[in-house]
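Observations on the three-dimensional arrangement
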Amino acid sequence: MNNRTKLKALFGMIIICLFLSASLGAAASGKAVSTPQKREGHCIQVLDKGKWAPDTYKSVQNLIDKHGAGSKGYDPNRKPYVVFDWDHTSIMNDTEEALFLYQIDHLAYNMQPEEFYEVITKNVPNGPFSHEFKNLQGDAVTLKQIAEDLKRDYDFLYSNYNGVNGKERLEALHSTDQFKDFKAKMYFLYEAIGETYGVEIGYPWVLYLFANMSTEEVQQLAEASNDYNLGAQMASVTLTSPGSMLGKAGTVEVTYTTGLRLASEIANLMHTFTENGIDVYVISASMEEVVEVFSSNPKYGYNLPKENVFGMRLKKKEGIIQAEYEDNWPITAREGKVEVIEHALSKKRGGYGPIFVAGDSSTDYEMLTINSLKLGLIINRLKTGDIGKLSKTAAERMGKNNPKYVLQGRNENTGLWIPTEYTIKLGSNEEKLLANP
């Protein structure tokens, strides 16, 4: 081969690398997002700098350089892998909570009143909730009190909604005191169960509301909720139940946030890992089928295979979801996330764990401290507790070489990342690094 032919062949290889890298990296932002590098015969995709905090970006890119397909020690038969949390990490805000509210607003249930009452009380201890969940009259609220109020409201809505047994349109029902009471007390109950009894009871409880639906119906509902909430304002909303509907629980008040946002930097990171021969998985405390919609539907840009997504699981009977948690499957929070790694991932790979984990809360702490970890990415929500300890460790290592943990900030008013480790809380314009002690 003469020199001219060699130059043509080399030029052709460079053009192919450029084209492949641009095409495969474009999904996260709708354009070519990275500059490819050629190393030892490999066309390597480099992480787009986007809105990454510069030191955090450097640490993540260094991890890819050291363990990806372009590294000297890379073994395609022993591919490294990484694990992402979903809610508040791979997206802004919580998919499951957004869907919970969407269900309420659209009365999207497939239960008769008696069954609804059984579901909202399922596996929840009787008695009062923790002290911060009192009504506005200053009295403790018990499960039985609020559940009976909700059954009363649900009876009315079930009998009057033209989507079930009535003649009234959804918009008309929204203006009734029964619906306003139902929405406020449903969210109050959700918060009270989770804060009083923890993830083992609170996380499955919200999923039981899918009882009697098929997987397809739940995923259609999830997609509709995603699309609606991606266009909704990032805001804090306070609900107060009407004084006319005191019932047994009295008047309650609860606050929640609205809106979801895609994290294009996370989508690009997932693609970059994949293009560098590093497998990507999601382990979420939301329902597995719900997260699949967001993570696998091409229109959202993450494009993960469904089989790479793990989450909470309910039993099914002849394809219909039951209000029962799946036997022998962990609650996919805290230690449960590590159980999934060990049994669903590590065991099938000969016993090795992930090199990278991304999370945002204390329910990710155990997988963020797994022995195999080389780097942990913490989406900075200014949290205390176990995740606060890791955040403090990350803050102390800012600007230094080889950190074990790194922080990434965001602006909660827009739902988008900002190029710093600091975060701006919803309703504020102040950048903060750590939660107040």
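Everything below is about the structure shown above.
Described in the following lines is the structure provided in the data block. Just so you know, these numbers come straight off a predicted model, no measurement behind them. (Residues numbered from 1 in each chain as written. Predicted model: local features only at pLDDT ≥ 70, side-chain atom pairs only at ≥ 80, totals over all residues. Heavy atoms only, no water.)

**A closer look at the side chain of serine 59**
This is how it is decided: Under the DSSP-based scheme used, a helix requires at least four consecutive residues in state H or I and a strand at least two consecutive residues in state E, with every element numbered from the N terminus. Here a residue-residue contact requires only that any non-hydrogen atoms of the pair lie within 4.5 Å.
Relative to the helices and strands, serine 59 resides in helix α2 (residues 54-67). If we ignore the near neighbours within four places in the chain, the residues touching serine 59 are Leu375, Pro403 and Val406.

**Considerations on the pattern of salt bridges**
To keep things clear, this is the line we draw: A pair is scored as a salt bridge if a Lys or Arg side-chain nitrogen falls within 4 Å of a carboxyl oxygen belonging to Asp or Glu. Buried means the residue's accessible area, taken with a 1.4 Å probe over protein chains only, is under 20% of the maximum for its type, while exposed means over 50%, and partly exposed covers the values in between.
Taken as a whole and judged by the stated rule, the model has 27 salt bridges. Here arginine 152 ties to aspartate 153 by a salt bridge, and the two come within 3.2 Å at their closest N and O atoms. Here arginine 152 falls in the partly exposed class, since its relative accessible area comes to 30%. Between glutamate 396 and lysine 392 there is a salt bridge whose closest N-O contact spans 2.6 Å. With glutamate 396 and lysine 392 both in helix α14 (residues 385-396), this residue pair falls 4 residues apart, about one helical turn. Taking relative accessible area as the criterion, glutamate 396 reaches 46% and is therefore assigned partly exposed. Given the relative accessible area of 45%, lysine 392 is considered partly exposed. Salt bridges linked by common partners bring Asp149, Arg152, Asp153, Asp181 and Lys185 together as one network.

**Considering helix α9 (residues 215-230)**
How we decide: By this rule, a helix spans an expected 1.5 Å times one less than how many residues it contains. The directions considered for the arc run from the helix axis to the C-beta atoms.
Given a rise of 1.5 Å per residue, 16 residues ought to cover 22 Å, and the 22 Å separating the end C-alpha atoms of α9 matches this to within 8%. Within the span of α9, buried status applies to Val218, Gln219, Leu221, Ala222, Ser225, Asn226 and Asn229. Viewed end-on, α9 has its buried residues packed into an arc of 160°, placing them on one side of the element. Away from the buried face of α9 by more than 90 degrees, exposed residues Glu216 and Tyr228 are located. Buried residues along α9 sit against α3 (95-106), β7 (261-262), β8 (279-287), α11 (288-296) and β11 (320-325).

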